[in-house]
Each structure stands twice: as structure tokens, then as C-alpha cells.
Amino acid sequence: MDITLIFKVAGVGILISVLNMILSKVDRSDWATLTTLAGVVIVLGLVIGEISDLFNTVRTMFKLY
């Protein structure tokens, strides 16, 4: 695991929160909700690779097939 993943997740979180505040101020709460949902999907996409590596490491360590 690398620290760049943490920075990527934090950057996406900050960007999404700023967009959410801007869209809420201009009375576009539906777009704000969709933006938040898109941010969650993007972060999940970033993290899913690391979770896969974790499961592969555990499988290799305990010799599970």
C-alpha cells in the first residue's frame, strides 16, 4: 500500500465536497446528490484494487486455494 492512495482519496473527497457545496448554493440539490454518488463510486474504484491485493496476500499466506 502506498501513501498516494490516501492522497487520491482525500483529493477526490475535497473536490466532491466543494462541488457539493457549490451545487447546493445554486439550488441544484439533485445534481449535488449525483455528484456525491459519483465520488463514492470513484473512491470505491480506487480502493477495490487494494482490497483485492489484500485478499490475495491473505490467501497466499495461509495457502488457501
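Residues numbered from 1 in each chain as written. Predicted model: local features only at pLDDT ≥ 70, side-chain atom pairs only at ≥ 80, totals over all residues. Heavy atoms only, no water.

Draft legend 1. Region of the structure containing the side chain of Thr35. Of note, Thr35 is situated in helix H2 (residues 29-61). Among all residues touching Thr35, those that are not within four sequence positions of it are Ile16, Leu19 and Leu23. (Helix = DSSP H or I, 4+ residues; strand = E, 2+ residues; numbered from the N terminus. Contact = heavy atoms within 4.5 Å.)

Draft legend 2. Layout of the UniProt feature "transmembrane region" (unreviewed entry) in the protein chain. Under the local residue numbering, the UniProt record ascribes the feature "transmembrane region" (unreviewed entry) to residues 6-24 and 31-51. Segment residues 6-24 splits into 100% helix and 0% strand. End C-alpha atoms: 27 Å apart. With 100% helix and 0% strand, residues 31-51 has end C-alpha atoms that lie 30 Å from one another. (UniProt positions renumbered as here; feature names shortened; annotations may be inferred.)

Draft legend 3. Focus on a nonpolar patch on the surface. A surface patch of nonpolar side chains, about 910 Å² in accessible area, is lined by Leu44, Ile48, Ile51, Leu54, Phe55, Val58, Met61, Phe62 and Leu64. Relative to the elements of secondary structure, Phe55 occurs in helix H2. Here Phe55 falls in the exposed class, since its relative accessible area comes to 54%. (Patch = residues over 30% accessible without salt bridge, like charges linked within 9 Å, V, L, I, M, F, W, Y side chains within 5 Å. Areas by Shrake-Rupley, 256 points an atom, 1.4 Å probe, with all protein chains shown as cover. Salt bridge = Lys/Arg side-chain N within 4 Å of Asp/Glu carboxyl O. Buried < 20%, exposed > 50% of the residue type's maximum accessible area, 1.4 Å probe, protein only.)

Draft legend 4. Structural context of the environment of Thr36. With respect to the helices, strands and loops of the structure, Thr36 is situated in helix H2. Taking C-alpha positions, Thr36 is 13 Å from Val9, a pair spaced 27 residues apart along the chain. Apart from the residues lying within four places of it in its own chain, the contact partners of Thr36 are Ile16 and Asn20. Only 2.9 Å separates the side chain of Thr36 from the backbone oxygen of Ala32, close enough to count as a polar contact. (Polar contact = N/O pair within 3.5 Å; in protein donor to acceptor, adjacent residues only side chain to side chain.)

Draft legend 5. Broad picture of helix H1 (residues 3-25). Look at H1: 33 Å from first C-alpha to last across 23 residues, which is about the 33 Å you get at 1.5 Å a residue. Taken together, the buried positions of H1 are occupied by Leu5, Val12 and Ile16. As for H1, its buried residues are in contact with H2. Just beyond H1, the residue with positive phi is Asp27, at close to 65°. (Expected span 1.5 Å × (residues − 1).)

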